[in-house]
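Residues per chain, in single letters:
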Amino acid sequence: MLILVIAIIALAAYFYTKRGQRPFDFEGTAAAQAVLKRRFASGEIDEETYLNMLHVLKNQ
């Protein structure tokens, strides 16, 4: 029983620390990339800004 409790705590700690490294919400990233693509296509941002922002989104 004690081993089970320790395993659950270890798993919770693992997922808690991983949360800040890579978001679980990949749909949010795809939506953000779509907005970025629309802004670039409409001329709201230039190519350099688009590429920099796309790089940031892909490496989150």
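Bear in mind the structure is a predicted one, so any value in this text is a computation, not a measurement.

Q: Mind showing me how you'd approach the pattern of salt bridges here?
A: Pairs can form between side chains of opposite charge once their charged atoms are near each other. Going through the model one piece at a time under the given rule, you end up with one salt bridge. A salt bridge links Glu 44 to Arg 39, with the shortest nitrogen-to-oxygen separation between them at 3.0 Å. Judged by relative accessible area, Glu 44 falls into the partly exposed class, the value being 48%. For Arg 39, a relative accessible area of 24% puts it in the partly exposed group.

Q: Explanation requested: the packing of aromatic side chains in the structure shown.
A: Tallied over the full model, the rule gives one aromatic pair. Measuring from centroid to centroid gives 4.6 Å for Phe 40 and Tyr 50, while their planes differ by 20 degrees, and the two rings are stacked. Within this pair, whereas Phe 40 is found in helix H2 (residues 26-41), its partner Tyr 50 is found in helix H3 (residues 47-58), the two being separated by 10 residues in sequence. Looking at Tyr 50, the relative accessible area reads 14%, which means it is buried.

Q: Can you help me understand the nonpolar core in this one?
A: General note: in soluble globular proteins, nonpolar side chains tend to be found buried as a group. Of all hydrophobic cores here, the largest spans five residues; its members are Leu 36, Ile 45, Tyr 50, Leu 54 and Leu 57. Per-element accounting of this core gives the leading share, three residues, to H3. Filtering out sequence-adjacent residues up to four positions away, Leu 36 remains in contact with Ile 45, Tyr 50, Met 53, Leu 54 and Leu 57.

Q: Would you take a moment to explain the confidence of the model for the chain for this structure?
A: Looking at the chain as a whole, the pLDDT averages 80, with 80% of positions reaching at least 70. Of all the helices and strands in the chain, helix H1 (residues 2-18) carries the lowest mean pLDDT, 79, while H3 carries the highest, 89.

Q: Honestly, a nonpolar patch on the surface in this entry has me stumped. Any pointers?
A: A surface patch of nonpolar side chains, amounting to about 560 Å² of accessible area, comprises Met 1, Leu 4, Val 5, Ile 8 and Ile 9. Examined against the element boundaries, Met 1 turns out to sit in the segment before H1. Relative accessible area serves as the criterion here: at 79%, Met 1 is assigned to the exposed category.

Conventions we followed
- Residues numbered from 1 in each chain as written.
- Predicted model: local features only at pLDDT ≥ 70, side-chain atom pairs only at ≥ 80, totals over all residues.
- Heavy atoms only, no water.
- Salt bridge = Lys/Arg side-chain N within 4 Å of Asp/Glu carboxyl O.
- Buried < 20%, exposed > 50% of the residue type's maximum accessible area, 1.4 Å probe, protein only.
- Phe/Tyr/Trp six-rings, centres within 6.5 Å; stacked < 30°, edge-to-face > 60°.
- Helix = DSSP H or I, 4+ residues; strand = E, 2+ residues; numbered from the N terminus.
- Core = buried A, V, L, I, M, F, W, Y, C linked by side-chain atoms within 4.5 Å.
- Contact = heavy atoms within 4.5 Å.
- pLDDT = per-residue confidence, 0-100.
- Patch = residues over 30% accessible without salt bridge, like charges linked within 9 Å, V, L, I, M, F, W, Y side chains within 5 Å.
- Areas by Shrake-Rupley, 256 points an atom, 1.4 Å probe, with all protein chains shown as cover.

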